[in-house]
Amino acid sequence: MLGYEEEIMAELLSESSGGLVVLSSGLRLQTLVTSLISLHSPPPPPTGTLLILTSSPPPLSHPLLAEIPGDLLSSHRESLYKTKRSFFVTPRILIADLLTGRCEPRDVSGIVVMDAHRVSDTSKEAFVVRLVKIKNKEVRVWGFSNRPQAMVSGFAKVERIMLCLGVRKIHLWPRFQVQVSTDLEKNPPEVVDIRVPMTLAMKGIQNAVLGTIDACLKELRGTNKVDVEDLTVENGLFKSFDEIVRRQLDPIWHTLGKKTRQLVADLTTLRKLADYLVRYDAVTYLKYLDTLRASAGTRSVWIFADSSYKIFEFAKRRVYQVVSSDGSKVTSNTKVVGSKKRKLKDNLKNTKHHEKDSLSSNDRCTGSLLEEVLEEPPKWKVLRELLEEIEEKRRKHSLLEEGAYDDDGGDNEIILVACKDEFTCMQMEDCITKGIKQVIQKEWKNYLLNKIDILSLSKQKKQKNQESKGFGVLNGEFSTRAGENIRACSMNVLENDVLLAAASKIEKEEKTSISSDPEPSIGKVSSLKVNNKCKKGSTNVLVSRTKCVNNSLGECKHGESSVGKKVDNEVESDSKEDKQDNVSIPFLQKHSANPKRTDLNHAKSLPPVQFYAIDSGKNILDMMKPSIIIVYHPDMTFVREIEIYKADNPSKKLRVYFLFYEDSTEVQKFEASIQRENRAFESLIKQKSLMVIPVDQDGQCTGFSDPESLILSRSSTRKAGGRKLKGEKMQVIVDMREFNSSLPNVIHQTGMRIIPVTLEVGDYVLSPAICVERKSIADLFQSFASGRLYHQVEMMSRYYPIPVLLIEFSQDKSFSFQSANEIGDDVSSSNIVSKLSLLVLHFPRLRLIWSRSVHATAEIFASLKINQDEPDEVKAIRVGVPSEDGIVEDDVRAENYNTGAIEFLRRLPGVTDANYRSLMDGCNSLAELADISVEKLAELMGGQKAARTLREFLDAKCVTMLR
Amino acid sequence: STSTSTVNRNAILVSHRQKGNPLLKHVRNVKWVFADVVCDYVLGDSSCALYLSLRYHLLHPEYLYFRIKELKKNFKLRVILCHVDVVDVLKPLLEVTRTSILHECTLLCGWSFEECGRYLETIKVYENKSADNIREHMDNDYMSRLNHALTTVRRVNKTDVITLGSTFGSLSGIMDASMEELARCPGIGEAKVKRLYDTFHEPFKRVS
């Protein structure tokens, strides 16, 4: 443990009620939680069980820590709660167990809430804390969070979180806190900041994406429905931007027009485009754009914006371009190219460069219309060079010191390369083992082969259609193609033909190469004229070294300080790089030609490299103990993790390389993320100084009184004539899935007893007669669209005398569907009024509840239950469950089933309500289903036709990007 | 007289009590005629509606009860068309909700005369309409069905469906894919890979 961590623990334990800890992202929460667990374990014997609430277990291990899984039998869970050990448990299961008495609050001595920023007064965690605190005032609650930004997003949010958890103290530990920074900066690692310039095309795309984002934002501002202040392009690069927009628009979301909604969706897409530009290679990026175009269709606003045209054009030009072979051969072609040039006049500078290169190489290969550009991501080459340089240095070093080098132990040989995602990791691994060119060639080949697959399929289909139905293009096939054509209107047909021609050529090559030796085939591939900009222009990498960590880590000053400043004592590295550049090319060819001998050569030139995807969130640093870390995609959290790793191992030599694209959104995002966190902490510090947390005489937080006493006193005055006996409590049966909403919590607060079970029909059962399906507004619209609501109401009407649809508005949103002027002149089938009318016409017995808020709902429920019998739990569970598999008796059903897979299964053609259960019995999982024969399927599904339908659907070739 | 009866069949019958209700101005898509009827509006052979303004209800809380009592059980669908024209809705709406459920009426809320009028029009126009519009249905072409199935996995969108489809060729290909293969698809991140893989490979029944 580091010094500041010990201090946090000391502070935390000095408070009897617990506390809320907010750390900078990347500082270890795990250590704190593990030390809580260690302190909890005997000796001295703990007073009760320590429960750690998480929706997904964090990467945290401790010999004394176990998980309480949802699929464990409830009786087992009951005995576990009594053991006084430490457990992970999901709040949903814990709520159910607390409500059913399987978990006795007095057995709990402490609750740890991870992700405390998610807590609100209606959240599950708050419900758990309340259920325990009512019965057991002594329980200590610790909340942890490392997302300060999320804590300042609403009005007095921290204060409310603290009230919910019943804690009085908040502990703020930002990265800039004095002790944290002294601890982390005592032995700073050596940092090398490498700025890689982007290619012209990349810059072009980035500008175009940012331009389009700006255009979308302007459009959004024009709707006058959002606050302009937060809507900046810079904010637009963050995921949380979606939250900002959604929070503003949510109250009126269902009243928004299609166009505004599309704008919000488009902004998300554009943010991804900006992000992927620096993460993916040119071919993958183009592929992504193609899929995007195929799926977004005509609905997207941005696709038709002026600047988005540039995105597509540049993206294409990074991969290939179409040129006429000798001008006279295909007149239409030259025209097309010409028109494209005209459109791109403003970018002529960039394109000219390309054109020259391609034309010169084109001379050698007449008749070819497709010119490969295949731009390599500049970072790839830099990474490779960097690795070579590192190896060179090591070799020199070891020669000098004759094996004395490994005084740090053998493990320090490992070089860790941290990328954002698994995809990049695998790609970079290929780059290193197979060579950069091979990787991009492979992507390109796949891209082309994909095209040809689609073409051959569409041809087949067309033929089939003509044969079978006689009027070919007029059936379904035509309509989809027509749609595609509209989408592809900007793509010219010729270009497509050219692409397909190239694709078929590659396919032929593939086929011939299968029979022959792999060596020549590789040779052929590399002899294809590749117009590689990276190779030609000497890479202008600015390498600068600074010994001062503070500049690069933590605080973001490196932007100005290090770029362009080539430190003199490192000049030799540049010349060395050049030398290696020359060396590496023959090496690469040798390497690719003799795959079997790579191991030997490889070991000489490149050090052992370990790749790590930051997204995977594994704690790899302590495991691998690397001595050199290359941060391929800069990430604030990971930087902090490196700092801590270094502080933990002060004697270890550690060098960290950062690869940034110069002037890219990558840099912008990295710096802004640090600033955002600092701002959040500053605001939290201010809030802390003004905070008022009410406590009672014993110093306990207020608000945890038992609602039972509440309802008793109320019923004795108000319902003196009621037939409820004193002490008899109102009961509501609640579906387990409903614990994701806040209504059960609120109902419990009003003093009713909640019986959690898994219901097949309805969400709440108020009495033997009344069954309620609850819909929030968003749910209502969605389930009308999907048809789920109709089915649910149908089921309720079948089994209950009084089926009820509860339409629950949310307190902070407007209480109406639409304003008067949005209603329109005609009866339109898409309007919510029409859908509701149709529903009530078909189910005249259906009752509707219109509720202003969750709290109103709880009151309505209470009033409906007056003079009604209490619902029967056993009966309610049975309702709607087919009797033949009447094994259902326990309420953990939902946990025992892979509900996602079942929902998926039921949506496959041929699968019906009648046969999906036997399908589930017959095959273990969906993956197994994928391999089952038609005969077996027919047996399971009880019919040839259904089986064939399903099998055909599973095997049908996916024709996605028809052009 | 036959002609008048056909007119009446295609028109909303409006009680004389409703004379002067501004709502009537907004009933334009169907004909309406005044008639001697017990309820406020007769919307079809088996459906009728009572109009209630919440503001009026606050002044005369017993009104609704007496009107419902008059109705007897002549209609299958008995709508209480509640005009939400007060700001503080909690108490009056609770009372109206309770009354309507206890007395077997369907409560519909409108926030403007336009919306209330539209409910009346729609119920009349849709009198004999099938429920297809709100039933589960989907386009039967391959892509919609594929979308329909794959988008059950949380956060998987239509772009991802296309990516998956074009990468693996068929649905069974997607279902058989390894985690690594899934991770190689552009735009499909760590979390989505895991969710997809779990959906396909976790057994349907976790406990045997």
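For the structure, check the block above.
From a predicted model like this one, the values you see are computed outputs, not experimental measurements.

Caption draft 1: Broad picture of the packing of aromatic side chains. All names here are of chain A. This structure, assessed with the given rule, holds 25 aromatic pairs over all chains. When the centroid spacing of 5.0 Å and the interplanar angle of 90° are considered together, the rings of Y276 and Y288 count as edge-to-face. Here Y276 is found in helix α12 (residues 258-279), whereas its partner Y288 is found in helix α13 (residues 282-296), with twelve residues between them in sequence. When its relative accessible area of 6% is taken as the criterion, Y276 is described as buried.

Caption draft 2: Seen up close, the interface of chain B and chain A. Across the contact, 77 residues belong to chain B and 94 residues belong to chain A. For the pair chain B and chain A, the two sides together bury roughly 8,000 Å², of which 65% comes from carbon and sulfur. Counting across the chain B and chain A interface gives two salt bridges. The interface formed by chain B and chain A holds 25 residue pairs in polar contact (both at pLDDT 80 or more) in total. Counting only elements with at least two residues in the side of chain B that touches chain A, the list comes to α4 (90-102), β6 (106-110), α5 (113-125), α6 (142-150), α7 (158-168), α8 (171-176), α9 (179-183) and α10 (190-201) of chain B. It is α5 of chain B that provides the largest number of residues to the side of chain B that touches chain A, a total of eight residues. Each residue belonging to the side of chain B that touches chain A can be placed in one class, and the counts come to 34 nonpolar, 22 polar and 21 charged.

Caption draft 3: Inspection of the environment of E136 of chain B at higher detail. Note that E136 of chain B resides in the loop between α5 and α6. Under the relative-accessibility criterion, E136 of chain B is labelled partly exposed at 46%. Discounting chain neighbours no more than four positions away, the residues touching E136 of chain B are S786 and G787 of chain A together with H148 of chain B.

Caption draft 4: Geometry of the packing of helix α35 (residues 832-842) of chain A against α5 of chain B. Between α35 of chain A and α5 of chain B, whose axes approach to 9 Å, the crossing angle comes to 50°. The angle between the axes of α35 of chain A and α5 of chain B places the two elements in the oblique class. Crossing angle aside, the handedness with which α35 of chain A passes α5 of chain B is right-handed. Mapping the contact onto sequence places V833, S834, L836, S837 and L841 of chain A in α35 of chain A and E115, R118, Y119, T122 and I123 of chain B in α5 of chain B.

Caption draft 5: Main features of the nonpolar core. By size, the foremost hydrophobic cluster in this structure holds 81 residues, and its most contacted members are V209, Y285, L383, W444 and I630 of chain A. Ranked by the residues each element gives to this core, the list is headed by helix α9 (residues 200-222) of chain A, at ten residues. If we skip the residues at most four places from it in the chain, L383 of chain A touches V417, M428, I432, I630, Y632 and L659 of chain A. Membership of the second largest hydrophobic core comes to 80 residues, among which are I733, L759 and L848 of chain A together with Y119 of chain B.

Caption draft 6: Summary view of the sheet that holds strand β19 (residues 770-776) of chain A. All names here are of chain A. The sheet built from six strands is open, its strands ordered β17-β16-β18-β19-β20-β21 with mixed pairing. Two strands bound the open sheet, and with one partner strand each, they are β17 (753-757) and β21 (847-851). Pairing between β19 and strand β20 (residues 802-808): seven bridges, direction parallel. When the bridges of β20 are listed, R774 appears paired with L806.

Caption draft 7: Looking closely at the sheet that holds strand β6 (residues 140-145) of chain A. Residues and elements named next belong to chain A. Taken together, seven strands build an open sheet; the order of strands is β3-β4-β2-β5-β6-β1-β7 and the sheet is parallel. Taken across any chain shown, the strands that pair with only one partner, and hence form the sheet edges, are β3 (65-67) and β7 (170-173). The mean inter-strand angle of the sheet, taken between neighbouring strand axes irrespective of direction, is 20°. Judged from the five bridges that link them, strand β1 (residues 18-23) and β6 form a sheet pairing that is parallel. Bridge assignment links V21 to a residue of β6, and that residue is F144.

Caption draft 8: Summary view of the environment of L383 of chain A. You can see L383 of chain A is positioned in helix α17 (residues 378-401). Along the chain, L383 of chain A and Y632 of chain A lie 249 residues apart, while their C-alpha atoms are 8.1 Å from each other.

Caption draft 9: Quick look at unusual backbone geometry. All names here are of chain A. Phi is positive for K84, which is not a glycine, with a value near 65°. In this structure, K84 sits in the loop between α3 (74-81) and β4 (86-89). Here L374, not a glycine, exhibits a phi torsion of approximately 45°, which is positive. Checked against the element boundaries, L374 lands in the loop between β10 (370-372) and α17.

Caption draft 10: Expanded view of the pattern of salt bridges. With the rule as written, the count across this model stands at 48 salt bridges over all chains. One network of salt bridges, with partners in common, ties together D430, K434 and K442 of chain A together with E180 and R184 of chain B.

Caption draft 11: Main features of helix α3 (residues 63-71) of chain B. Residues and elements named next belong to chain B. Residues of α3 that are buried include every one of Y63, L64, R67, I68 and L71, and no others. The arc that holds the buried residues of α3, viewed along the axis, is 125°, so those residues lie on one side. Close packing links the buried residues of α3 with β4 (47-53), α2 (54-59), β5 (77-83) and α4. Residue K72 follows α3 closely and has a positive phi angle near 55°.

Conventions used here
- Residues numbered from 1 in each chain as written.
- Chains lettered and ligands numbered in written order.
- Predicted model: local features only at pLDDT ≥ 70, side-chain atom pairs only at ≥ 80, totals over all residues.
- Heavy atoms only, no water.
- Phe/Tyr/Trp six-rings, centres within 6.5 Å; stacked < 30°, edge-to-face > 60°.
- Helix = DSSP H or I, 4+ residues; strand = E, 2+ residues; numbered from the N terminus.
- Buried < 20%, exposed > 50% of the residue type's maximum accessible area, 1.4 Å probe, protein only.
- Contact = heavy atoms within 4.5 Å.
- Buried area = accessible area lost by both parts, 1.4 Å probe.
- Salt bridge = Lys/Arg side-chain N within 4 Å of Asp/Glu carboxyl O.
- Polar contact = N/O pair within 3.5 Å; in protein donor to acceptor, adjacent residues only side chain to side chain.
- Nonpolar A, V, L, I, M, F, W, Y, C, P; charged D, E, K, R; others polar.
- Axes fitted to C-alpha atoms, helices over the stretch in contact; angles between N-to-C directions.
- Parallel < 35°, antiparallel > 145°, perpendicular 65-115°, else oblique.
- Left-handed = near helix turned anticlockwise from the far one by under 90°.
- Core = buried A, V, L, I, M, F, W, Y, C linked by side-chain atoms within 4.5 Å.
- Pairing = 2+ DSSP bridges.
- Arc of directions from axis to C-beta.

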